[in-house]
Each structure stands twice: as C-alpha cells, then as structure tokens.
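Listed below are the residues making up each chain.
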Amino acid sequence: MLVRRRLLHAAAASIAGAGASWLLPARAAHHHAPATSATGGGTGDYATFLATVRRDAIRQGLTADAVTRALDLSAPNPQVIQRDRTQPEFHLTWAQYRDRVVTQRKIADGRAAFAQQRTILEQQVLTRYDVAPGAVMGIWGLESAYGALTGKFAVVDALCTLAFEGRRAKFFHDELFHALSILNAGDITPDLMTGSYAGAMGQPQFMPSAYLKYAVDIDGDGRRDIWHSVPDIFGSIANYLTGSGWVGGESWGQQVIVPDSVAQSMLGRTQTRTLAEWMAMGVRQMGGAPFDRPTDTGAVLRPDGPGGEAFMVYRNFAAIRRYNPSDFYALAVGLLGNEIA
C-alpha cells in the first residue's frame, strides 16, 4: 500500500545524506510553517519593509545596534524564494523511506560520532536530562548528518525574504523577530547565524521560536550555541524531547510481528491497547516471544499495510514525533538510534 506523504526529508536525505529543515514543507513544532499570509508581506519596497522591521524591533526593546547589524546584511534572496516555491512532493512507502534514511553509511557514521562524543553526551547531558542516547543521536543524524550538513543560508536574510515575500508571511515575520531576539541576547552573531532556506538553525535545525524555548547552555560559556558546541547541541535536543513528554527508562518502540489478518483500520498511533490485548490479536515480538509486560499499553503501526513491517510504539514515540510530525521520521529516529547506541 502506497502511503502518500509530503516526505521531502526522505528524498533529500537519500541525496544529501542528512535531513535539514528544507526537506519538509511542514515540520514539527520547531519547524512547522502554517500556510497563512500577513498584510504587507510581499508588497512594497524591501528597504521600507526592513525599516519597519527595525522600528518595530526597537519598540519591542531590542537594541538598535543589534537590530541594525542583523538587518544590514539582508537583501532579498532569490534562492530562498525558489526553494520555498518549488518543493516537490514525494510519495514514498515506508520501505523506500527506511532504505533511504537508515542506511549503513548513516549507521556507521553515527556509531563513529557516538564513540567520539559519548563522554560529553553521557556525563554532561544525560546527567541532566533522562533521555535515551539513541534518541538524541538519531535526531542529530537525521537533522544534520551529525553536524555535517546544517545549511548555509543566513537566517535573518532568509527569514526577511520569506516574511517580505508573503506566502507565509505571518509565520516567518514572527520567526524573524525571534531570531532578532536571539541576536540581541548575544548567543550568536548575524554572520554565524546560519541554517536552512526556511530559517531552521544549527545542528538540531531549530526554528528561532524553538531555540528560545529549548536551546540550553551546557558548556557554561554563557551562550546557547547549537551551531558549534556539541554539549549545547545534545542538551538542546534532549531538552526538546523532555519538554515533549519523554519518559525516562522507557523505550520508544520495537519492531513486531502482526498477522496480516489484523485489519489496517485497527492500527495507527491513536489506537492504543494493552499488550495483552494485542497478543490476543496475534501480535508478538520479533522471534515470536510474547511481551514481558502485558499490562503496558502501546499502538501498532504497519505503514505499508499487510505484508509490510510493523512496530509497537509507546509514549516516547510521541515525544520524538513532536520534533517532526511524521510517523516515518519518528520510526527512523528510533531505529537509527537503536543501531547507534
């Protein structure tokens, strides 16, 4: 069964080897751009638009120097508009997505990165956040190929362009002001604030609004640096998961055996049952063993329908999914993290 989804994350990951914020037109809470427009977007003179942004930012309490430094770098970026308007739609099965995203190269790179950064993750981050290391590594791998692909667009430039252009002006106007607040706080300089064409920043690919909510300073240098500081990057991802309801000590899920006779309409992430109830329907762990904790609850996903892979997912699957609202993405993070950590 072909699952129709806007899964640019998968297709681009197959080409570039990583997920970045331009890969999905609609991301999670820290990426999602509602299709709304704002008055004034896309009309008038760009210099007048920047002057209005500068005036409003200063009125909101940002320093004139910080705002001026940020906006002086901005000019309409035709590459940003082209990317925004020409996002193709891919129709991928789960099997195709998994093959493109959870590759042996991605797993090997993740294991090498984990070996190199394990002390930082375990001693500086996971002592503060009770999150599974695999979840952090899986998100890091899908979002930026473990920091290798973070986007080269100037974030303020991109957000100004998209706010001015008007197709989703209200969303990008708000994100622009969040970005200016970050610059005003001194966490990063305008020339180093880089990201995707849509303004997703750094190695975790946070939109500015998510940065303000979840980015943390783990290395203690007074800045929340999700571009260069590995402790801050890991800590910010872990804080995001914690804020999204991650439950320490629990699994995100596992691959399972589901009889083809179980109707597809009985499955899906909202169809939670006890494991005892699932076992009564013939669901088993891989290898055929029954579940150890029959009173626990979970939902079964079988993305490609009868004959395809199936997964039992638990509460932490939902936490991963809040990072990016795609079942495929959350499954890939979980599976990749399992292989790495």
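About the cut-offs
Residues numbered from 1 in each chain as written. Predicted model: local features only at pLDDT ≥ 70, side-chain atom pairs only at ≥ 80, totals over all residues. Heavy atoms only, no water. Helix = DSSP H or I, 4+ residues; strand = E, 2+ residues; numbered from the N terminus. Buried < 20%, exposed > 50% of the residue type's maximum accessible area, 1.4 Å probe, protein only. Contact = heavy atoms within 4.5 Å. Core = buried A, V, L, I, M, F, W, Y, C linked by side-chain atoms within 4.5 Å. Axes fitted to C-alpha atoms, helices over the stretch in contact; angles between N-to-C directions. Parallel < 35°, antiparallel > 145°, perpendicular 65-115°, else oblique. Left-handed = near helix turned anticlockwise from the far one by under 90°.

Caption draft 1: Expanded view of the overall build of the protein chain. Of the regular secondary structure elements, the protein chain holds 14 helices and seven strands. Looking at the 341 residues of the protein chain, the share that counts as buried comes to 53%. Put simply, of all contacts in the protein chain between residues at least 6 apart along the chain, 73% involve residues at least 24 apart.

Caption draft 2: Main features of the environment of Gln124. Topologically, Gln124 is positioned in helix 6 (residues 104–125). Between the alpha carbons of Gln124 and Pro231 there is a distance of 6.9 Å; along the sequence they are 107 residues apart. Among all residues touching Gln124, those that are not within four sequence positions of it are Thr119, Ile218 and Pro231.

Caption draft 3: Quick peek at the nonpolar core. Tyr97, Val131, Met137, Leu180, Met193 and Phe234 are the most contacted members of the largest nonpolar core, which totals 89 residues. The leading source of residues in this core is helix 14 (residues 327–340), at nine residues. Setting aside chain neighbours within four positions, we find Met193 in contact with Phe153, Ala154, Val155, Val156, Ala179, Ile182, Leu183, Ile188, Met201 and Trp227. Within the second largest apolar cluster, 13 residues are counted, among which are Val258, Val262, Leu267 and Tyr314.

Caption draft 4: Region of the structure containing the packing of helix 2 (residues 46–59) against helix 3 (residues 64–71). Running from amino to carboxyl end, helix 2 crosses helix 3 at an angle of 155°, the nearest separation of the two axes being 9 Å. When the axes of helix 2 and helix 3 are compared, the pair comes out roughly antiparallel. In this structure, the crossing between helix 2 and helix 3 has a hand that is right-handed. Listed contacts from helix 3 to Leu50, Val53, Arg54, Ala57 and Ile58 of helix 2 are Ala64, Val67, Thr68 and Leu71.

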